[in-house]
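In case you want the letters, here they are:
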Amino acid sequence: AWPPNMALSSQSGRKKQHVQPMFAVHVFQCYKIYSCSFCQCHTFVSGYFQKYKEFEKSVRVEEIDGLKLVKNLAVKMEEVFRKKAEATRRLVEAAEEAHHQHEENPDLQYEYFNAVLINEVDEMGNNVELGGEFLLEPNDHFNNLSVNLSLSVVQVPTNMYNKDPDIVNGVYWSEALNKVFVDNFERDPTLIWQYFGSAKGFFRQYPGVKWHPDEHGVIGFDCRNRKWYIQAATSPKDVVILVDVSGSMKGLRLTIARQTVSSILDTLGDDDFFNVIAYNQEIHYVEPCLNGTLVRADRTNKDHFREHLDKLFAKGIGLLGEALAEAFTILNDFNQTGRGSVCSQAIMLVTDGATEMYDDVFEKYNWPERKVRIFPYLIGRESAFADNLKWMACANKGYFSQISTLADVQENVMRYLHVMSRPKVIDHEHDTVWTEAYVDSLNEKAGPSLMTTVAMPVFITSNFDVLVLYFFLLYQDGQKRRKPNYSSVDLSEVEWEDKDDILRNAMVNRRTGTFSMEVKKTVDRGRRVLKMHNDYYYTDIKGTPFSVGVALSRGHGKYFFRGNVSVEAGLRDLEQPDVALADEWTYCNTEEQHEHRHLTQIQAIKLFLTGRRPHLKCDRELIQEVLFDAVVTAPLEAYWTGLALNKSENSDKGVEITFLGTRTGLSRTNLFVPGDQDFLTAEDKEGVFNADHFPLWYKRAAEQVPGTFVYSIPFSTAVGIQMKLEFFQRKFWTACRQVKAQQIMQHNLTCTAGGMSIFQLKVTIAAICMFVVCEKRGESVRELDTFSAYLWFSQLLWFLISFHTHSAQRSRGKTMMVPCDTEYPAFVSERTIKETTGNIECEGCVRSFVIQQIPSSNLFMVVVDNKCDCSSAPPVTMDPIEIMYILSRRNTDSLKCDRLKFQKDRKKPESCHPFHPEV
């Protein structure tokens, strides 16, 4: 039996058991395989067993309390988030005090550091205006991006004048934030960016960094369009956008109107709901299938509506009264369902004029409460009907804007945010707003990192500004998760086996509890499937909108293995040349203090355990576990060294590399070839331990039946053990010839090797094919029977046969707007079937086969009667298959509509400031 923490899989359901680790050993140097059950050679770990016995009495196995684990994790994350919120609050208090002390001066002249102009010089070599010399130094905390840790810089949108009096005054008094920026970073070095976004449009950023325009000399960034600004500045809202498409809107006016609608969509966040209606003498929903309802303002829905704006054409006359009545009806009905924001409501009116005031419509639908605000946007230079639109805005607590050119659009659209924020300003509620997790890059070289943002409004007289902090989203082990192709996805798309969204809805509604289900996990880029039973534990993070969950696989994922060794012994074995720790795993936090950032994790562990760096923060429990693994696996180094010496005398042994890994992230590697040869391709290097995953060979070993071996041959190199294929062929042929010798003699056959060939399918499976040519003795004519023996690797059976084999494929989500679903066929063996036979009809010929499991492995021996010519039969592959939906235009439109209307449960923000009788 495998000792605790050493087997490749666990036996779930037993309270008293030897628990398998997450400790996978891949070294199968099996020279004498002639009569064994295919490589049951365990001698290579005999040294490990002896070493383990020395510490067995001090070893204990602990079952993980998943609920306790997730609650402790939530408490730690709550503390992390609390520190960020406190840092933001310090900035808010400083900003409000600085503005209170400032007196507006329209003639103020002030030279500030403009983010685009710093360190720029003119033709004479002099610093340009608003530039100046600004010290920038590479900083490893910011991935060597050149920054200034003492000062911030100011960015002004390209379409705004950077010396506008409002901007200059705001920049002047907000200089007081520099001291707080620095203090926050010193208190909490895990912070990344700290921002101040002003309603005037300027953006203050710490640490200071130089901005570079695009190839057209433009910087399109406007902080007021960012999600964190919108969410902090306003409450959630339901919005209906009315667009005039009467004949008078032809030409440039319609172009400006389209841009105005697009800019309004930019100001809507994930907590908002909207629809767009075009009107002339009739009502035209821009998306016809969304008649009478609203949709969530996520990026996908907003982009969908933008695509439809080009379909708007101007003709006929405009009947604004009917359009207003339709908008009020939608807002009222949708609010009654409880599916919208259930907070603020607004109607955006984009038109070139109104011939009357429509007071009868407002009296019927909106007065006297006036809970729906009206925001008219007058398109064009004409002002003949401006008074009616101004009256509408004032009579319904809105705001009137006139847009004459495309350049005027963005600034005029932004003004409605000031009005929508009035109740929040009067209530003086400093709501803390957290964005969802998202990926951003510090610079082009840094690579993407998972982040979240905390923002808080700053109330200045009757206006508002927003302060924000960026920081890396930290996981239980303090790792900074990096996923280059990360995008925010719904939990139901990740744990897709939860068909009823039980887990998703529980977490969305911030409950605490557990959930269990069987899952099929694809690995190796969809080529292989692991069947597991996961237990999920979840709870909410207090003071934030987040919930946190932990998934534990039954068996190995449910247990901890604890063992104690001396610090001296652990450090000695940890520092051996064949030992490495998981890349990006955080055993010690070397990011928090500048003097620690040059340390490797092993160096940091040594300094921590020897007491030479008392301020170094480390995970003592994890370190103790990795030290134990280092000590008990140390005998492998001597064993591997012996193999290497033996190989020098027996050059045909064929093994090139051996390696092992443990759940603590420790790995050992030994090469049996000259050291200057690099056997790790780019794909191989993805298989090392890192922050995102355990290696493929490790995961497959962990899920394998206890006490058995996993063999695999991917496209380019072997996984676990790397040997020359010629060596493996030779040994395999010898084994099969000797094993079958007795059976062959019983059938009066004489067999010769017909040769051995290697073939590789277009999918992940490679196979070794041995042809055995036999002739019956005593026959005048030699009758040849050819048998093909296949060793199938990685638990995948490519032969499509009917016995106890099922296809595991993902087909969820076949009602997508476009045919972007993909099926990944994966044939998983039924391990309870030890042997089976069958027949396959092939062009009028019956082909027989026998399949047997090879004991203690994931391999099968398949013997096929080769007398039938089945060359015309198409091969069975595991290539991914894109699902192409053959649908009529009507059905396609129906699917798109269902997708747009479909809204899963979503937790609404706890804070809402929809209405105040005074504003």
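Because the structure is a prediction, the values reported are computed rather than measured.

## Quick look at the packing of helix α15 (residues 567-574) against helix α16 (residues 601-609)
Put simply, α15 and α16 touch, their axes get as near as 11 Å, and they point 165° apart. Relative to α16, the element α15 is oriented roughly antiparallel. Pair α15 / α16 crosses with left-handed handedness. Contact with α15, carried on its side by Val-567, Leu-571 and Leu-574, involves Ile-602, Ile-605, Lys-606 and Leu-609 of α16 and no other residues of that element. In terms of residue class, the contact of α15 with α16 is built from 6 nonpolar, no polar and 1 charged.

## Describing the state of the cysteines
Within the structure shown, the criterion is met by 4 disulfides. With its sulfur 1.9 Å from that of its partner, Cys-343 forms a disulfide with Cys-912. Note on the Cys-343 and Cys-912 pair: the S-S dihedral is about 110°, so by sign convention the disulfide is right-handed. Here the residue Cys-343 occupies a position in the loop between α8 (320-337) and β12 (344-351), and Cys-912 occupies one in the segment after α22 (889-901), the gap between them amounting to 569 residues. Judged by its relative accessible area of 13%, Cys-343 falls in the buried class. Disulfide pairing places Cys-588 opposite Cys-618 at an S-S distance of 2.0 Å. With the S-S bond torsion at 110°, the cross-link from Cys-588 to Cys-618 turns out right-handed. Here Cys-588, found in strand β24 (residues 588-589), pairs with Cys-618, found in strand β25 (residues 617-618); they are 30 residues apart in sequence, far enough to count as distant. Comparing Cys-588 with Cys-618 shows no difference in burial state: the two are buried.

## Examining the UniProt feature "coiled-coil region" (unreviewed entry) in the protein chain
As recorded in UniProt, the sites labelled "coiled-coil region" (unreviewed entry) are residues 70-105. The straight-line gap between the two end C-alpha atoms of residues 70-105 is 54 Å; of that span, 89% is helix and 0% is strand.

## Focus on the pairing of strand β8 (residues 237-244)
Put simply, side chains in a regular strand alternate between the two faces of the sheet. Among the 8 residues of β8, 8 are classified as buried, and the element is accordingly described as predominantly covered. Bridging between β8 and β12 involves 7 bridges; their strand directions are parallel. Of the residues in β12, the one forming a bridge with Asp-238 is Gln-345. Two strands pair when backbone bridges link them, and β8 and strand β9 (residues 273-279) are joined in this way by 7 bridges, in the parallel orientation. What sits directly across from Val-239, in β9, is Phe-274. Regarding topology, helix α6 (residues 252-266) serves as the crossover connection from β8 to the parallel β9, and that connection is right-handed.

## Side note on the packing of aromatic side chains
Enumeration over the complete set of coordinates arrives at 27 aromatic pairs. The interplanar angle of 50° and the centroid separation of 6.2 Å between the aromatic rings of Phe-362 and Trp-391 together place this pair among those described as tilted. Linking Phe-362 in helix α9 (residues 359-365) with Trp-391 in helix α10 (residues 386-395), this pair joins segments that are 29 residues apart in sequence. The exposure class assigned to Trp-391 is partly exposed, which follows from its relative accessible area of 28%. Ring geometry for Trp-434 versus Phe-546: centroids 6.3 Å apart, planes at 65°, classification edge-to-face. Taken together, the positions of Trp-434 in strand β15 (residues 433-434) and Phe-546 in the loop between β20 (528-540) and β21 (547-553) put the pair 112 residues apart, joining distant regions of the chain.

Conventions we followed
- Residues numbered from 1 in each chain as written.
- Predicted model: local features only at pLDDT ≥ 70, side-chain atom pairs only at ≥ 80, totals over all residues.
- Heavy atoms only, no water.
- Axes fitted to C-alpha atoms, helices over the stretch in contact; angles between N-to-C directions.
- Helix = DSSP H or I, 4+ residues; strand = E, 2+ residues; numbered from the N terminus.
- Parallel < 35°, antiparallel > 145°, perpendicular 65-115°, else oblique.
- Left-handed = near helix turned anticlockwise from the far one by under 90°.
- Contact = heavy atoms within 4.5 Å.
- Nonpolar A, V, L, I, M, F, W, Y, C, P; charged D, E, K, R; others polar.
- Disulfide = S-S within 2.5 Å.
- Buried < 20%, exposed > 50% of the residue type's maximum accessible area, 1.4 Å probe, protein only.
- UniProt positions renumbered as here; feature names shortened; annotations may be inferred.
- Pairing = 2+ DSSP bridges.
- Right-handed = clockwise from strand over helix to strand, strands pointing away.
- Phe/Tyr/Trp six-rings, centres within 6.5 Å; stacked < 30°, edge-to-face > 60°.

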